[in-house]
Amino acid sequence: MIYIKFDLHIHTNYSDGLFDPIQVIKLARERGLDGIAITDHDTISGIEEAKNYIESNYKGNFSLVPGIEFGCIDEGEEIHILAYFIDYKNPELLDLIAKLKLSRINRSKKIIQKLNELGIPISFDEVLKETKDNLIGRPHIARALIKKGYSKDIANAFDKYIGVGKPAYVDRFKLGLREVIGLVNNIGGISVLAHPGLLKDKTKIQKCIELGIDGIECIHSDHSYEETKHFKKICIDNNLKITGGSDCHGQYQEGDLLLGNYYLELENIDMLKKSK
């Protein structure tokens, strides 16, 4: 039996990734993948560009799964939900994305104001230069801090200034788990709990199951072998879809690009669409 490889968790420069959609596709092909999902944070802007490039250049020999990643807050913990096979032109989805984009801009301005009060002369326009499609997140602020010499890397910027509990931190707009899982179901998508190994409170996994999640991201660049095995068992026991991906933002891990090293093997991509 021949299996094909899919990385179902990739970010482009339309959110906080370093590569544009075409670069991601080229790299994915070079690294032996048969398909990818673009799952940018709170935006679907990179999907059309990727779709058009694949249709023009690969003629059915490479697959794209349209996706998005939402950050939810549940009892103080951030939980990420991936959505696959979405109708990315759905008005309900587009309304939420517009709301999230505005909230990101407002949050970033407040963070920048706090940085200014700390004596760091960084401007909104400088941060905006680090973004594409004006979708701003803390990683873009971190990159601006690095360019101005206030941080050595993104992790350092979060540790010193913009991480939770740090001097310039500002709470994000809060999406609820029930709201997001319900929306994904309403627009015909597949909802998946992202990187459960990163959750502090593992009881959130059961909560997601009770709220109707369709699957769990078992394979992930931050999961150990034992964690992957454990999450797969949860999926089997609860009749959930098993998914996986690198969560690549363009970064390297131990000298190698994450893309292509973490993937799901399937007979065909339609297997993921089948009902539970």
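Just so you know, these numbers come straight off a predicted model, no measurement behind them.

Student: Break down the packing of aromatic side chains for me, citing the residues and quoting the values.
Tutor: One pass over the structure, following the stated rule, counts 2 aromatic pairs. With a centroid separation of 5.9 Å and 75° between ring planes, the pair formed by Y53 and Y58 is classed as edge-to-face. As far as burial versus exposure is concerned, Y53 and Y58 are alike and both buried. Ring centres 5.9 Å apart and planes at 50° place the aromatic pair Y58 and F62 in the tilted group. Feature note: the residues Y53, Y58 and F62 constitute an aromatic cluster, connected by ring pairs. Above the face of the F124 ring, K109 is positioned so that its terminal group lies 5.1 Å from the ring centre.

Student: Explain the packing of helix α3 (residues 91-117) against helix α5 (residues 138-147) residue by residue, including any values.
Tutor: It is the contact of α3 with α5, at a shortest axis distance of 10 Å, that shows an interaxial angle of 35°. Of the two possible hands of crossing, α3 and α5 adopt the one that is right-handed. Residues R107, S108, I111 and L115 of α3 form the contact with α5, whose own contacting residues are R138, I141 and L145. For the contact of α3 with α5, the class distribution of residues is 4 nonpolar, 1 polar and 2 charged.

Student: Now, about the sheet that holds strand β1 (residues 4-10): what can you tell me, with residues and values included?
Tutor: Strand order in the open sheet formed by 8 strands is β7-β6-β5-β4-β3-β2-β1-β10, and the pairing between neighbours is mixed. With one partner strand each, in any of the chains shown, β7 (241-245) and β10 (264-266) form the two edges of the open sheet. Ignoring which end each strand starts from, the neighbouring axes of this sheet average 35° apart. Here β1 pairs with strand β2 (residues 35-38) via 3 bridges, running parallel. Its bridge partner being in β2, I10 is matched across the sheet by I38. Along the sheet, helix α2 (residues 45-57) contacts β2 and β3 (63-74); its crossing angle with β3, the most-contacted strand, is approximately 165°. Each of β3, β4 (77-84), β5 (190-193) and β6 (215-220) touches helix α8 (residues 203-210); the most contacted strand, β4, lies at about 40° to it.

Reading the values: rules and limits
In this numbering scheme, every chain counts its residues from 1 along its sequence in written order. Residue-level local features of this predicted model are given only where pLDDT is at least 70; pairs of side-chain atoms are given and counted only at 80 or more, and the full residue set underlies all totals for whole chains, interfaces and linings. Water and hydrogen atoms play no part in the side-chain values, which are based on all heavy atoms of the structure. Pairing of aromatic rings covers Phe, Tyr and Trp, the last counted by its six-membered ring, and requires centre-to-centre distances within 6.5 Å; plane angles under 30 degrees mean stacked, over 60 mean edge-to-face, and any other angle means tilted. Burial status follows relative accessibility: with a 1.4 Å probe on protein chains alone, a residue under 20% of its type maximum counts as buried, one over 50% as exposed, and anything between as partly exposed. Only when the NZ of Lys or the CZ of Arg is both within 6 Å of the ring centre and within 35 degrees of the ring normal is a charge said to sit over the ring. Axis lines are fitted through C-alpha atoms, for helices just across the contact stretch, and the angle between N-to-C directions can take any value from 0 to 180 degrees. Each helix is a run of H or I in the DSSP string that is no shorter than four residues. Each strand is a run of E no shorter than two, and both are numbered from the N terminus. Two helices that cross are described as forming a left-handed crossing if the nearer one is turned anticlockwise from the farther one by less than a right angle, and a right-handed crossing if clockwise. For this analysis, residues touch if any pair of their heavy atoms sits within 4.5 Å. Under the scheme applied here, ten amino acids are nonpolar (Ala, Val, Leu, Ile, Met, Phe, Trp, Tyr, Cys and Pro), four are charged (Asp, Glu, Lys and Arg), and all others, including Gly, are polar. Here, strands pair whenever DSSP counts at least two bridges between them.

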